[in-house]
Amino acid sequence: MSFEERGAWSAILSGLITFYWFGRPIWHGTTSGTYNTPDGLSLWAWDVIWLIGGGGVLAMGIMILFNILYAIATNQSKPQFISDERDTMINKRGAVITLVIVSGGFIIAVGMLATGWTALAALNTILIGMGLGGVGSEIYRVAIYRLGL
């Protein structure tokens with residue numbers, strides 16, 4: 001398993017954990033009506049800031065732990081941290097996938113606003129699009145590395 005593939009697996013894992021752990025308050029706040037107050041969008045924004053910050057810290061920790069555990073499991077004292085041209089092309093295609101999914105989420109959110117949905121629903125749609133874009137890109141990368149597509 002290459003360094004880039006380990007990075008993709010750890011990104012999938014950290015993304016799913018982040019949206020489960022830090023996304024639950026956003027889900028509960030949305031369904032319980034907590035954000036339907038005059039300060040609701042501000043509360044939502046703070047929950048999203050926690051999601052972003054917590055996700056960043058979690059991603060770094062999981063990446064480090066994943067590489068340590070991989071080195072122990074494969075009995076490698078010095079794992080490779082090399083990227084080549086193929087990795088660069090895979091990362092660029094993954095970035096395009098992220099851009100397409102995030103843009104789609106944004107366009108759907110604008111359409112929701114145009115048809116009378118609330119700002120909270122539109123913001124949650126953009127947030128979900130961003131999460132799906134990130135995880136979708138990493139799933140693509142793993143598929144390329146594992147299946148050789």
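Above this text is the structure in question.
Keep in mind the model is a prediction, meaning the values are calculated, not measured.

(A) Expanded view of the overall build of the protein chain. Each helix and strand counted, the protein chain has five helices and zero strands in total. Along the protein chain, helices and strands appear, N-terminal first, in the series α-α-α-α-α. C-alpha extents for the protein chain along the principal axes are approximately 55 × 30 × 20 Å. Burial statistics for the protein chain: of 149 residues in total, 32% are counted as buried. Look at the contacts in the protein chain between residues 6 or more apart in sequence, and 75% of them connect residues 24 or more apart. Summing over all exposed atoms, the protein chain offers an accessible surface of approximately 9200 Å²; the carbon and sulfur share of this is 74%. Here the protein chain carries 8 positive and 8 negative side-chain charges, and the mean point of each set is 7 Å from the other.

(B) Molecular detail of the nonpolar core. In this structure, Ile26, Tyr35, Trp44, Val48, Leu51, Leu120 and Leu127 together form the largest nonpolar core, which totals seven residues. Counting only elements with at least two residues in this core, the list comes to α3 (40-74) and α5 (119-147). Among the elements that line this core, the one with the most residues is α3, at three residues. The residues touching Trp44, leaving out its near neighbours within four places in the chain, are Ile26, Tyr35, Leu120, Leu123, Asn124 and Leu127.

(C) Just the packing of aromatic side chains, in detail. Under the counting rule described, the total for this entry stands at zero aromatic pairs. Taking the ring centre of Tyr20 as reference, the NZ or CZ of Arg24 above it sits at 4.9 Å. Between Arg24 and the ring centre of Trp21, over which it is positioned, the NZ or CZ distance is 4.9 Å.

(D) Fine view of the packing of α3 against α5. Running from N to C, α3 and α5 cross one another at 10°; their axes reach a closest spacing of 11 Å. Taken together, the axes of α3 and α5 lie roughly parallel to each other. Judged by residue contacts, Leu41, Trp44, Val48 and Leu51 of α3 engage Ala119, Leu120, Leu123, Asn124 and Leu127 from α5. Tallied by class, residues from the contact of α3 with α5 come to eight nonpolar, one polar and no charged.

(E) Seen up close, the pattern of salt bridges. This model, assessed by the stated rule, comprises three salt bridges. For Arg146, the salt bridge is made with Glu5, and the minimal N-O distance between the two is 2.4 Å. Residue Arg146 is located in helix α5, and its partner Glu5 is located in helix α1 (residues 3-21); the two are separated by 141 residues in the primary sequence. Its salt-bridge partner being Arg141, residue Glu138 comes within 2.7 Å of it at the nearest N-O pair. On the criterion of helical spacing, the pair formed by Glu138 and Arg141 is a turn pair, its members being three residues apart in helix α5. When its relative accessible area of 9% is taken as the criterion, Arg141 is described as buried. Through salt bridges with shared partners, a single network forms among Glu4, Glu138 and Arg141.

(F) A look at the environment of Phe66. Within the element layout of this structure, Phe66 appears in helix α3. Leave out the neighbours within four places in its chain, and Phe66 touches Met1, Arg6, Trp9 and Ser10.

Rules used in this analysis
- Residues numbered from 1 in each chain as written.
- Predicted model: local features only at pLDDT ≥ 70, side-chain atom pairs only at ≥ 80, totals over all residues.
- Heavy atoms only, no water.
- Helix = DSSP H or I, 4+ residues; strand = E, 2+ residues; numbered from the N terminus.
- Buried < 20%, exposed > 50% of the residue type's maximum accessible area, 1.4 Å probe, protein only.
- Contact = heavy atoms within 4.5 Å.
- Areas by Shrake-Rupley, 256 points an atom, 1.4 Å probe, with all protein chains shown as cover.
- Lys, Arg positive; Asp, Glu negative; His and termini not counted.
- Charge placed at Lys NZ, Arg CZ, Asp CG, Glu CD.
- Core = buried A, V, L, I, M, F, W, Y, C linked by side-chain atoms within 4.5 Å.
- Phe/Tyr/Trp six-rings, centres within 6.5 Å; stacked < 30°, edge-to-face > 60°.
- Lys NZ or Arg CZ within 6 Å of the ring centre and 35° of its normal.
- Axes fitted to C-alpha atoms, helices over the stretch in contact; angles between N-to-C directions.
- Parallel < 35°, antiparallel > 145°, perpendicular 65-115°, else oblique.
- Nonpolar A, V, L, I, M, F, W, Y, C, P; charged D, E, K, R; others polar.
- Salt bridge = Lys/Arg side-chain N within 4 Å of Asp/Glu carboxyl O.

Keep in mind these numbers describe shape, not what the thing actually does.
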